[in-house]
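# Residue-level structural notes
Next come the chains, spelled out residue by residue.
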Amino acid sequence: MIRFDGVSKRYPGGHIGLEQVSFHLSRGEIAFLTGHSGAGKSTLMKLIMLLERSSAGQIWVGGHNLRTLRNSRIPYLRRNIGVVFQDHQLLFDRTVFDNVALPLLIAGYSPGDCAGRVRAALDMVGLLSKEKLFPVALSGGEQQRVGLARAVVNRPALILADEPTGNLDPQLSTEIMKLFESFNQVGVTVLIASHDLALVARMRHRILTLDHGRLVADQEVR
Ligand SMILES: Nc1ncnc2c1ncn2[C@@H]1O[C@H](COP(=O)(O)OP(=O)(O)OP(=O)(O)O)[C@@H](O)[C@H]1O
């Protein structure tokens, strides 16, 4: 699903984002990406989404070589990736239902065609009963679950989550992680960036560790 082969990223001014990173994540795998602040986690995610371009090396996502991918294919690549952010980035003037429907509307679905998929996604995160509420009426953990529902509503092959539990307490963080596991159990490949080492160790999955842009460990925790 994802393959990095000697990938480096230099930002303007020579700042190192990534340095000679190689790894692969198979279809259906779930893995954590960890490391201290500034280690390169967000950079790696941005390269997969083509929000940044690598300075050296090759990246394949879903069999596509990103260096040779035509610009016209980038929206298709991104549509196959569900993204979850730390601050979930919900629209507060739209209902829970409308927030989750947004990626489908952008992809060209008519509102009538969205309803089944939106409700299935809300059901997966246990928020079907809250579809008509506005995000302000939800707890922090519920808002993040709406963000997760929005990430899976397009039925992506891959989910990228950048610090998805950043503002949540340990119990809610574990609940959110269990939802990622449930998505993974239905075949979705999942890559989660987190600097919460205690949480990552508790989940017992593959852990990729970055340090100053280098991949310094790739462990399977059982
Ligand atoms: N647009 C940019 N211009 C210059 N340097 C950048 C830019 N974006 C990131 N960097 C640098 O690249 C390095 C990696 O940053 P990145 O955001 O990928 O780290 P991170 O592991 O996600 O950190 P955090 O956990 O704090 O989010 C850092 O040294 C950062 O300062």
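Just so it is clear, the structure is predicted and the values come from calculations on it, not from any experiment.

## A closer look at a nonpolar patch on the surface
The grouping of Phe92, Phe134 and Val136 at the surface amounts to a nonpolar patch, some 310 Å² of accessible area in total. Tracing the backbone shows phenylalanine 134 in the loop between α4 (111-124) and α5 (140-152). Residue classification places phenylalanine 134 among the partly exposed positions, given a relative accessible area of 40%.

## Things to note about the site of the ligand
Surveying the vicinity of the ligand reveals the residues Tyr11, His15, Ile16, Gly17, His36, Ser37, Gly38, Ala39, Gly40, Lys41, Ser42 and Thr43. Within the side chain of serine 42, an N or O atom sits 2.8 Å from an oxygen atom of the ligand. Summarising the interface, the protein chains cover 62% of the accessible area of the ligand, which totals 640 Å² for the free molecule. Taken together, the elements giving at least two residues each to the shell around the ligand come down to β2 (16-25) and α1 (41-49). A per-element tally of the shell around the ligand places α1 first, with three residues.

## Brief notes about the pattern of salt bridges
Following the criterion strictly, the structure yields seven salt bridges and no others. For lysine 9, the salt bridge is made with glutamate 52, and the minimal N-O distance between the two is 3.4 Å. Taken together, the residues span a long stretch of sequence, with lysine 9 in strand β1 (residues 2-10) and glutamate 52 in the loop between α1 and β4 (56-61) at a distance of 43 residues. Taken together, the shared-partner salt bridges in this structure form one network comprising Arg10, Glu19 and Arg214.

## Overview of the packing of aromatic side chains
The full count for this structure, using the stated rule, is two aromatic pairs. When the centroid spacing of 6.3 Å and the interplanar angle of 85° are considered together, the rings of phenylalanine 180 and phenylalanine 183 count as edge-to-face. Here phenylalanine 180 and its partner phenylalanine 183 are both found in helix α6 (residues 170-185), three residues apart, which amounts to about one turn of the helix. Comparing phenylalanine 180 with phenylalanine 183, the two get one shared label, buried. One residue, arginine 73, lies across the ring of tyrosine 76, its end atom 4.7 Å from the ring centre.

Thresholds, definitions, all that
Residues numbered from 1 in each chain as written. Predicted model: local features only at pLDDT ≥ 70, side-chain atom pairs only at ≥ 80, totals over all residues. Heavy atoms only, no water. Patch = residues over 30% accessible without salt bridge, like charges linked within 9 Å, V, L, I, M, F, W, Y side chains within 5 Å. Areas by Shrake-Rupley, 256 points an atom, 1.4 Å probe, with all protein chains shown as cover. Salt bridge = Lys/Arg side-chain N within 4 Å of Asp/Glu carboxyl O. Helix = DSSP H or I, 4+ residues; strand = E, 2+ residues; numbered from the N terminus. Buried < 20%, exposed > 50% of the residue type's maximum accessible area, 1.4 Å probe, protein only. Near = heavy atom within 4 Å. Polar contact = N/O pair within 3.5 Å; in protein donor to acceptor, adjacent residues only side chain to side chain. Phe/Tyr/Trp six-rings, centres within 6.5 Å; stacked < 30°, edge-to-face > 60°. Lys NZ or Arg CZ within 6 Å of the ring centre and 35° of its normal.

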